[in-house]
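Read off the chains here:
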4 protein chains.
Amino acid sequence: MCSRRTPPPTAPGRPGRPRSAAADAAILEATRAALVDLGWSKLSMSDVATRAGVAKTTLYRRWASKNELVVDAVAVLFDELELPDRGSLSADIEGVVRQFAALLERPEAKTALMAVVAESTRDAPLRERIRTSIVDRQKRLVEEGRRRAQARGELPATSPAGAVGGTDDLIFDVIAGAVVHRALVSGQPVDTQWVQRFTALLLGGLGAAARG
Amino acid sequence: MCSRRTPPPTAPGRPGRPRSAAADAAILEATRAALVDLGWSKLSMSDVATRAGVAKTTLYRRWASKNELVVDAVAVLFDELELPDRGSLSADIEGVVRQFAALLERPEAKTALMAVVAESTRDAPLRERIRTSIVDRQKRLVEEGRRRAQARGELPATSPAGAVGGTDDLIFDVIAGAVVHRALVSGQPVDTQWVQRFTALLLGGLGAAARG
Amino acid sequence: MCSRRTPPPTAPGRPGRPRSAAADAAILEATRAALVDLGWSKLSMSDVATRAGVAKTTLYRRWASKNELVVDAVAVLFDELELPDRGSLSADIEGVVRQFAALLERPEAKTALMAVVAESTRDAPLRERIRTSIVDRQKRLVEEGRRRAQARGELPATSPAGAVGGTDDLIFDVIAGAVVHRALVSGQPVDTQWVQRFTALLLGGLGAAARG
Amino acid sequence: MCSRRTPPPTAPGRPGRPRSAAADAAILEATRAALVDLGWSKLSMSDVATRAGVAKTTLYRRWASKNELVVDAVAVLFDELELPDRGSLSADIEGVVRQFAALLERPEAKTALMAVVAESTRDAPLRERIRTSIVDRQKRLVEEGRRRAQARGELPATSPAGAVGGTDDLIFDVIAGAVVHRALVSGQPVDTQWVQRFTALLLGGLGAAARG
DNA sequence: TCTTAAGCGAGACGGTACGTCCAGTCTTGGC
DNA sequence: GCCAAGACTGGACGTACCGTCTCGCTTAAGA
């Protein structure tokens with residue numbers, strides 16, 4: 001993960017004082033704390049530095065901008081998502097939707113996710129970093145769910161669908177997009193009823209696709 | 001629409017010089033132009049004022065903040081969405097998805113939409129204004145499409161579904177969310193293939209729901 | 001005196017909010033206080049702004065740099081020098097030397113004078129400003145002393161000596177230079193004995209010149 | 001000359017790697033070069049270190065601060081002043097004035113001299129070092145000139161004048177002060193005419209003193 | 001026609017954060 | 001123990017906007 005500003009910062013035999021590993025952790029933690037307290041738009045690099053007990057220069061030595069820092073700080077939150085086998089495709093979908101909704105209720109996640117996506121509309125490297133650090137890493141959940149459903153016989157084993165533009169990507173956008181839109185744009189709760197109706201809709205679509 | 005800072009700005013019998021109506025249009029147009037040129041985060045009130053040939057005071061007399069101004073400036077773009085009768089539910093869905101995707105390719109729309117949504121996560125009045133001025137106004141498209149499909153017999157006439165928590169809202173979140181996620185988060189093109197596969201999935205889901 | 005950064009700042013009919021006159025006085029006073037407390041090299045614009053109860057922008061709107069500000073702040077000190085008629089050329093010289101020495105003992109004057117002269121060695125506009133605001137204004141003292149001595153018959157009335165390169169300039173450099181060098185470079189006190197011996201030397205030179 | 005930070009740096013029997021003598025010369029030379037290029041206020045320790053091909057650590061191991069380093073770097077320039085016997089007191093004075101003026105035209109000398117004197121107004125050890133390394137060493141020129149003039153009979157042999165507060169010191173302050181003030185404060189050229197008139201004035205004063 | 005009250009432009013104001021630069025210190029590994 | 005390299009804390013820099021304010025001028029409706 002080349003998430004740092006400078007080229008591989010910790011080559012072993014490099015001369016000079018090595019970068020403090022503790023600083024990295026402190027900075028990312030401070031960033032999340034600042035996101036909770038202030039939100040993205042009032043988060044300042046100076047404040048993060050102060051919270052982390054670190055000089056501003058140390059921040060700028062490692063991250064080129066607030067956006068890159070925030071992406072790194074929240075990426076780890078998304079990695080906490082998991083997909084335990086709940087016994088059926090339906091339960092698996094409900095489970096992941098609920099987990100994702102719970103994540104989007106965390107203030108550091110919701111303010112940061114939308115903000116960096118907004119910034120990324122004018123910043124290709126940032127877009128790339130978001131995809132690499134956050135988005136693509138969650139596709140594993142869809143892939144895993146599909147594989148399990150195929151093993152259970154809930155979905156046909158044909159069409160691996162993992163190829164570029166495959167069904168996995170479509171399902172991913174539908175699930176993630178619907179939850180994000182419900183929670184952040186429509187501003188409505190992702191409650192049990194909604195989850196069940198969304199799951200039913202999606203299962204219906206998948207079933208129709210399998211038959212058609 | 002109480003989109004202004006001060007209460008009814010042009011009450012007829014009010015004393016003093018009335019507000020310039022031309023200024024309003026110039027400011028909103030200048031805001032869109034600035035969004036195109038600079039994106040949301042580098043847009044400044046001073047810059048908008050200069051572009052509009054207006055003093056900063058005039059901006060702040062009418063909008064309380066950059067966010068409110070931007071919401072008003074882009075809301076009109078979303079009102080351009082239409083749903084001509086394309087003859088089938090499938091074609092109607094494809095049509096609206098394409099229109100929405102085209103809108104999200106306009107730089108002023110994509111940078112602004114995500115940014116104000118991000119800000120709204122910590123600002124309830126802004127959230128309310130986004131819902132009022134942008135989001136809820138587009139639900140008419142879903143409603144219209146459903147009505148037409150019911151008239152055509154493609155969907156059962158039962159369940160008006162317009163009630164709070166009705167199917168309309170779910171469909172709206174799924175369509176809008178999937179398109180936004182595909183275009184802005186995944187950063188992939190909303191091309192013909194994707195639109196067709198998404199439409200098929202959604203139709204399948206709706207059909208299953210109608211049967212179940 | 002165009003001692004400000006921007007062109008004549010207080011033209012009467014100019015549009016916009018006029019500059020605060022009180023701010024000017026507060027800033028110059030704060031600058032002198034900071035010079036006393038911190039000396040030139042540790043004086044910071046931020047600190048001056050804070051002391052003056054003024055924003056940093058207000059400083060930079062009026063002075064282009066720390067050096068220009070300091071010149072203006074100390075110039076007024078030099079204007080306090082006076083040359084009361086002490087009855088003889090000798091007494092007048094002794095008087096002005098003592099006054100000048102007393103001025104150079106004030107911490108804000110001594111740290112600032114040498115520092116801005118040092119800076120001016122690489123900054124022609126600053127050099128010009130120092131000459132205009134400080135140096136040339138004190139030549140009046142030499143001129144006045146000479147005129148009085150001529151009136152008393154202590155010096156010949158011939159040779160007005162005020163022309164460029166005239167004797168006045170030479171005398172000025174000798175007096176000011178000797179006192180500055182004694183006080184700041186040699187770091188020795190300008191005490192009574194030194195003043196008397198310096199005055200005797202200078203009077204002797206002037207007398208010889210008058211005769212020769 | 002205890003111009004180093006640490007006590008006698010090259011005690012013979014000391015353990016460990018001895019300090020590089022070449023580094024000293026390179027640093028002082030780099031300092032002078034930086035003074036020429038940047039002036040005192042923009043000279044940075046990092047820059048000097050880079051120019052000298054040396055690490056910053058090495059600088060700080062030898063000099064406690066930028067000011068001390070600069071004093072050492074320019075002190076050697078002043079040692080180049082000489083007083084060849086030009087046959088008369090008048091010619092000797094003119095000679096030394098011209099030499100000193102030429103020195104003050106060198107950019108590294110003029111920017112550094114005034115700057116360190118300015119700093120020394122708030123830093124007694126620095127003041128002491130300037131006196132030791134620069135000022136007092138030049139008094140030899142006055143002393144030598146006086147001795148020669150006495151030998152020639154141009155000045156009376158009485159009054160050794162070398163004692164503290166003696167005439168030598170006064171003459172030194174008058175000569176050095178007048179030239180510095182003319183060149184750096186008044187910002188006027190120390191040209192032939194000025195030198196001759198200054199010399200005449202000073203000779204007149206010395207003659208009167210000798211007679212009185 | 002003359003108030004009168006608000007709108008309007010311009011731009012100064014007190015603030016806050018920016019991203020950079022340098023000071024001076026500390027921590028490596030190699031000599 | 002010296003040295004080069006470079007990361008570290010800390011603090012000032014000068015700039016850019018923020019949102020507010022204070023001017024003098026303009027514009028209409030009502031007296």
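Residues numbered from 1 in each chain as written. Chains lettered and ligands numbered in written order. Predicted model: local features only at pLDDT ≥ 70, side-chain atom pairs only at ≥ 80, totals over all residues. Heavy atoms only, no water.

- Going by what an unreviewed UniProt entry lists, chain A is known as TetR/AcrR family transcriptional regulator and is assigned to Streptomyces coeruleoprunus.

**Considering the UniProt feature "DNA-binding region" (unreviewed entry) in chain A**
Consideration 1: The sites that UniProt annotates as "DNA-binding region" (unreviewed entry) are residues 44-63 of chain A.
Consideration 2: Between the C-alpha atoms that bound residues 44-63 of chain A the distance is 13 Å, and the span itself is 75% helix and 0% strand. (UniProt positions renumbered as here; feature names shortened; annotations may be inferred. Helix = DSSP H or I, 4+ residues; strand = E, 2+ residues; numbered from the N terminus.)

**Points about the interface of chain D and chain C**
Consideration 1: The interface of chain D with chain C comprises 48 residues on the first partner and 48 residues on the second.
Consideration 2: Between chain D and chain C, a total of about 3,900 Å² is buried, with carbon and sulfur atoms accounting for 61% of that surface.
Consideration 3: For the interface between chain D and chain C, the tally reads 2 salt bridges.
Consideration 4: Across the salt bridge formed by Asp173(C) and Arg182(D), the nearest N and O atoms sit 3.8 Å from each other.
Consideration 5: Those elements that provide at least two residues to the side of chain D that touches chain C are helix 1 (21-38), helix 6 (107-120), helix 7 (124-152), helix 8 (167-185) and helix 9 (192-211) of chain D. (Contact = heavy atoms within 4.5 Å. Buried area = accessible area lost by both parts, 1.4 Å probe. Salt bridge = Lys/Arg side-chain N within 4 Å of Asp/Glu carboxyl O.)

**A closer look at the relation of the copies chain D and chain C**
Relating the two copies of this chain is a rotation about some axis coupled with a shift parallel to it.
Consideration 1: Superposing chain D onto chain C requires a rotation of 180° together with a translation of 0.0 Å along the rotation axis, leaving an RMSD of 0.1 Å. Both copies of the chain, as the preceding transformation shows, are related through a two-fold rotation axis. (Least-squares fit on C-alpha atoms with pLDDT ≥ 70 in both.)

**What about the interface of chain A and chain B?**
Consideration 1: Each side of the interface is counted separately: chain A has 48 residues, and chain B has 48 residues.
Consideration 2: Between chain A and chain B, a total of about 3,900 Å² is buried, with carbon and sulfur atoms accounting for 61% of that surface.
Consideration 3: Joining chain A to chain B, the criterion identifies 2 salt bridges.
Consideration 4: Tallying contributions element by element places helix 8 (residues 167-185) of chain A first for the side of chain A that touches chain B, with 14 residues.

**So, the packing of helix 1 of chain D against helix 4 (residues 66-78) of chain D**
Residues and elements named next belong to chain D.
Consideration 1: Viewed as axis vectors pointing N to C, helix 1 and helix 4 meet at an angle of 90°, and their least axial separation amounts to 9 Å. The angle between helix 1 and helix 4 falls in the class roughly perpendicular. Of the residues in helix 4, those in contact with Ile27, Leu28, Thr31, Arg32 and Leu35 of helix 1 are Leu69, Val70, Asp72, Ala73, Val74, Val76 and Leu77.
Consideration 2: For the contact of helix 1 with helix 4, a count of residues per class yields 9 nonpolar, 1 polar and 2 charged. (Axes fitted to C-alpha atoms, helices over the stretch in contact; angles between N-to-C directions. Parallel < 35°, antiparallel > 145°, perpendicular 65-115°, else oblique. Nonpolar A, V, L, I, M, F, W, Y, C, P; charged D, E, K, R; others polar.)

**Structural notes on the arrangement of the chains**
Consideration 1: With no contact between them, chain A and chain D keep their nearest C-alpha atoms 11 Å apart.
Consideration 2: Without any contact between them, chain B and chain D keep their closest C-alpha atoms 33 Å apart.

**Topic: the domain arrangement of chain A**
All names here are of chain A.
Consideration 1: Per the domain assignment, the segments making up chain A are domain 1 (21-66) and domain 2 (74-211).
Consideration 2: Look at where the C-alpha atoms of domain 1 and domain 2 centre, and you get two points 29 Å apart.
Consideration 3: Domain 1 puts 6 residues into the contact, and the matching count from domain 2 is 10 residues.
Consideration 4: Three residues stand out in domain 1 for area buried against domain 2, namely Arg32, Leu35 and Trp40, and they jointly supply 74% of the buried area on that side.
Consideration 5: At the boundary of domain 1 and domain 2, one finds 0 salt bridges.
Consideration 6: On the surface where domain 1 and domain 2 come into contact, there are 1 residue pair in polar contact (both at pLDDT 80 or more). (Domains from an automatic or database assignment. Polar contact = N/O pair within 3.5 Å; in protein donor to acceptor, adjacent residues only side chain to side chain.)

**Quick notes on the relation of the copies chain A and chain B**
Consideration 1: Each copy of the sequence occupies a distinct position, and chain A is placed on chain B by a rotation of 179° and an axial shift of 0.1 Å, giving an RMSD of 0.1 Å.
Consideration 2: Both copies present the same face, since 100% of the interface residues in chain A are matched by interface residues at the equivalent positions in chain B.

**Some words on the protein's contact with DNA strand E**
Consideration 1: Taken together, 45 residues are adjacent to DNA strand E, and Tyr60(A), Ser20(B), Thr58(B), Thr58(C) and Arg62(C) come closest.
Consideration 2: At 2.6 Å from a phosphate oxygen of DNA strand E is found a main-chain nitrogen or oxygen belonging to Ser20(B).
Consideration 3: Listing elements by their share of the surface near DNA strand E, those giving two or more residues are helix 2 (45-52) and helix 3 (56-62) of chain A, helix 3 (56-62) of chain B, helix 3 (56-62) of chain C together with helix 2 (45-52) and helix 3 (56-62) of chain D.
Consideration 4: Considering every element that reaches the surface near DNA strand E, the biggest residue donor is helix 3 of chain C, with 5 residues. (Near = heavy atom within 4 Å.)

**Some points on the packing of helix 8 (residues 167-185) of chain B against helix 9 (residues 192-211) of chain B**
All names here are of chain B.
Consideration 1: Contact geometry of helix 8 with helix 9 gives a least axis separation of 12 Å together with a crossing angle of 160°. Between helix 8 and helix 9, the interaxial angle falls into the category roughly antiparallel. The handedness of the crossing between helix 8 and helix 9 comes out as right-handed. Taken together, the residues of helix 9 that come into contact with helix 8 (itself represented by Ile171, Val174, Ile175, Ala178, Val179 and Arg182) are Trp194, Phe198, Leu202 and Leu206.
Consideration 2: Its residues assigned to classes, the contact of helix 8 with helix 9 shows 9 nonpolar, no polar and 1 charged. (Left-handed = near helix turned anticlockwise from the far one by under 90°.)

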